[in-house]
Amino acid sequence: MSIDIRNLSFSYGSLLALEDINLTLQEGRFNALLGPNGAGKSTLFALLTRLYALQSGDISIAGHSIAQHPAQVMRKLGVVFQQSTLDLDLTVAQNLYYHAALHGMSKRQARPRISEQLARFDLQDRLDEKVRHLNGGHRRRVEIARALLHKPEILLLDEPSVGLDPATRESLNQHIRQLCQTEQLTAFWATHLMEEVQSDDLVTILFKGKVLASDTAAQLCQQHRCADISSLFRSLTGVTE
Ligand code: ADP
Ligand code: MG
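Caption draft 1: Representation of the coordination of the magnesium ion (ligand 2) within the structure. Coordination sphere of the magnesium ion (ligand 2), protein contribution only: S42 (OG) and Q82 (OE1), at 2.1 to 2.2 Å. Taken as a pair, S42 in helix 1 (residues 41-48) and Q82 in the loop between strand 6 (77-80) and helix 3 (92-102) lie far apart in primary sequence, 40 residues in all. Residue S42 is classed as partly exposed on the basis of its relative accessible area of 32%.

Caption draft 2: Structural view of unusual backbone geometry. The phi dihedral of D20 is positive, around 50°, even though this residue is not glycine. Mapped onto the secondary structure, D20 falls in strand 2 (residues 15-25).

Caption draft 3: Quick look at helix 6 (residues 166-183). When the terminal C-alpha atoms of helix 6 are compared, their 26 Å separation across 18 residues agrees well with the 26 Å that a helix rising 1.5 Å per residue should span. Residues T168, R169, L172, N173, H175, I176, R177, L179 and C180 constitute the buried set of helix 6. You can read the cap of helix 6 off the contacts: a side-chain oxygen lies 3.2 Å from the backbone nitrogen of A167, and it is on D165. Downstream of helix 6 by one or two residues, Q184 has phi in the positive range, about 60°.

Caption draft 4: Local environment of the nonpolar core. The biggest cluster of nonpolar side chains holds 47 residues, and the ones touching the most others in it are L34, I144, L155, I176, V203 and I229. Split by domain, the residues of this core number at least three in each of domain 1 (3-76 + 153-237) and domain 2 (87-151). The contact partners of I229, leaving out residues within four places of it in the chain, are L34, M194, V197, V203, A217 and C221. Grouped together as the second largest cluster of nonpolar side chains are 24 residues, L23, L48, V73 and F188 included.

Caption draft 5: Structural view of the packing of aromatic side chains. Under the criterion given, the structure shown has 6 aromatic pairs. Ring geometry for F30 against W189: centres 5.6 Å apart, planes inclined by 40°, an arrangement best described as tilted. With a gap of 159 residues between them, F30 in strand 3 (residues 30-34) and W189 in strand 8 (residues 186-191) connect regions that are remote in the sequence. Like F30, the residue W189 is buried in the burial classification. Ring centres of F45 and F188 lie 5.5 Å apart, and the angle between their planes is 15°; on these two criteria the pair is classed as stacked. In this pair, F45 sits in helix 1 while F188 sits in strand 8, placing the two residues 143 residues apart along the sequence. One aromatic cluster is present, formed by F10, Y12 and Y52 through successive ring pairs. A cation over an aromatic ring shows up here: K107 above the ring of Y97, its NZ or CZ 4.9 Å from the ring centre. Positioned above the aromatic ring of F30, the side-chain terminus of R177 is 3.9 Å from the ring centre.

Conventions used here
Residues numbered from 1 in each chain as written. Chains lettered and ligands numbered in written order. Predicted model: local features only at pLDDT ≥ 70, side-chain atom pairs only at ≥ 80, totals over all residues. Heavy atoms only, no water. Donors = N, O, S within 2.8 Å, 3.2 Å for Na, K, Ca; no water. Helix = DSSP H or I, 4+ residues; strand = E, 2+ residues; numbered from the N terminus. Buried < 20%, exposed > 50% of the residue type's maximum accessible area, 1.4 Å probe, protein only. Expected span 1.5 Å × (residues − 1). Polar contact = N/O pair within 3.5 Å; in protein donor to acceptor, adjacent residues only side chain to side chain. Core = buried A, V, L, I, M, F, W, Y, C linked by side-chain atoms within 4.5 Å. Domains from an automatic or database assignment. Contact = heavy atoms within 4.5 Å. Phe/Tyr/Trp six-rings, centres within 6.5 Å; stacked < 30°, edge-to-face > 60°. Lys NZ or Arg CZ within 6 Å of the ring centre and 35° of its normal.

Listed below in structure tokens is the structure:
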């Protein structure tokens, strides 16, 4: 299931946050959106998830415009927002059953899916714990499990690893890559961390609201004669940190 973004611009009043974005995500792949704070990543996610209405340009998912066919398209998306949206005072189970109900699943339908997702994240023993008592990495896993409950074909993750220690970050990142391979999931992973991008990822570099480059990291490095993604980023943006 691919996503096509065409001539997309978005302003907050006089601030142009996204400027003429053209981008195609590849099906069943790990697509990275790399850009520093303020680049426009979350704004793009807000448009993809219809939190904000489109101002100009279009987004289509599997050939359907999100403005014209919102219900069909939204069903195919799973989302993990930058800020956690779990209810800390509810248990893991309560958070997940509530979400399943929002997607029209009965308890009977939801139960096996919840077990399956939690087992996959090694969280099957935490079902009755309040989310407040889980560490940051486990909370993120619960959010990803929740986002996958309705079996979306596309998973959007906005800086999912912020605030996690490097080992947890790495394992989360690997887990999503695995899902892309084994289940043909299309992932769109926004980050400002270069080390989360691997050479065979499709990476889009977003800077000050503009797409500076979009291709596999390896292709881009070769094309721009850069040894790695960090030097590619420096070369394209002029930012030396
Ligand atoms: P990122 O997620 O890459 O850090 P954002 O999409 O959050 O970037 O922000 C892009 C730009 O839009 C920034 O300059 C930010 O200050 C601005 N911005 C984001 N949200 C709002 C808002 N609700 N109102 C006004 N400006 C905003
Ligand atoms: Mg953001």
